[in-house]
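Residue-level structural notes
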Amino acid sequence: MYKEKLPYSQSALILGISSIVTACCCWGVIGIILGIIGLNNANKAIRMHEQDPNSFDGVNNAQTGRTTAIIGIVIGVISMIWHIYILSTGDYQVFIEEFSNMSEEY
């Protein structure tokens, strides 16, 4: 019997991986947004699979997507808190100067 691909599982995986990458690069905000969307898609896919497990294939992608989305959300929150802390303490200028010095060395 042919099993259909589980809807939302591929998008959950792609959004989960993208959330990890963008959480590290974009102040955490985009990573959090992509992670929430990916987590929502993963939960939809897992619910669909639980309703009719014999019709769909690809629940592993949904589970991996959920895991990567959660990791992306956590990294995004930590990154956002760190940036807010740096901006609120006034150390942002020091951080930029150190980054400039390091980039000039290489």
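Before reading on, note that the structure itself is shown above.
Residues numbered from 1 in each chain as written. Predicted model: local features only at pLDDT ≥ 70, side-chain atom pairs only at ≥ 80, totals over all residues. Heavy atoms only, no water.

1. Brief notes about the packing of helix H1 (residues 9-25) against helix H2 (residues 29-51)
Where H1 meets H2, the axes come as close as 8 Å, and the angle between the chain directions of the two elements is 160 degrees. In terms of orientation, H1 lies roughly antiparallel with respect to H2. Handedness of the H1/H2 crossing: left-handed. Between H1, through Ser9, Ser11, Ala12, Leu15, Ser18, Ser19, Thr22 and Ala23, and H2, the contact on the second element is made entirely by Ile30, Gly31, Leu34, Gly35, Ile37, Gly38, Asn41, Ala42 and Ala45. Its residues assigned to classes, the contact of H1 with H2 shows eight nonpolar, nine polar and no charged. (Axes fitted to C-alpha atoms, helices over the stretch in contact; angles between N-to-C directions. Helix = DSSP H or I, 4+ residues; strand = E, 2+ residues; numbered from the N terminus. Parallel < 35°, antiparallel > 145°, perpendicular 65-115°, else oblique. Left-handed = near helix turned anticlockwise from the far one by under 90°. Contact = heavy atoms within 4.5 Å. Nonpolar A, V, L, I, M, F, W, Y, C, P; charged D, E, K, R; others polar.)

2. A short note on unusual backbone geometry
Positive phi, close to 75 degrees, is recorded for tyrosine 8, a residue that is not glycine. Position of tyrosine 8 among the secondary structure elements: in the loop between strand S1 (4-5) and H1. You can call tyrosine 8 partly exposed: its relative accessible area is 38%. Phi is positive for tryptophan 27, which is not a glycine, with a value near 60 degrees. With respect to the secondary-structure elements, tryptophan 27 resides in the loop between H1 and H2. (Buried < 20%, exposed > 50% of the residue type's maximum accessible area, 1.4 Å probe, protein only.)

3. Considerations on the nonpolar core
By size, the foremost hydrophobic cluster in this structure holds six residues: Leu6, Ala45, Ile46, Phe56, Val59 and Ala62. Elements with a minimum of two residues in this core: H2 and helix H3 (59-89). When near neighbours in sequence (up to four residues on either side) are disregarded, alanine 62 contacts Leu6, Ser9, Ala42, Ala45 and Ile46. (Core = buried A, V, L, I, M, F, W, Y, C linked by side-chain atoms within 4.5 Å.)

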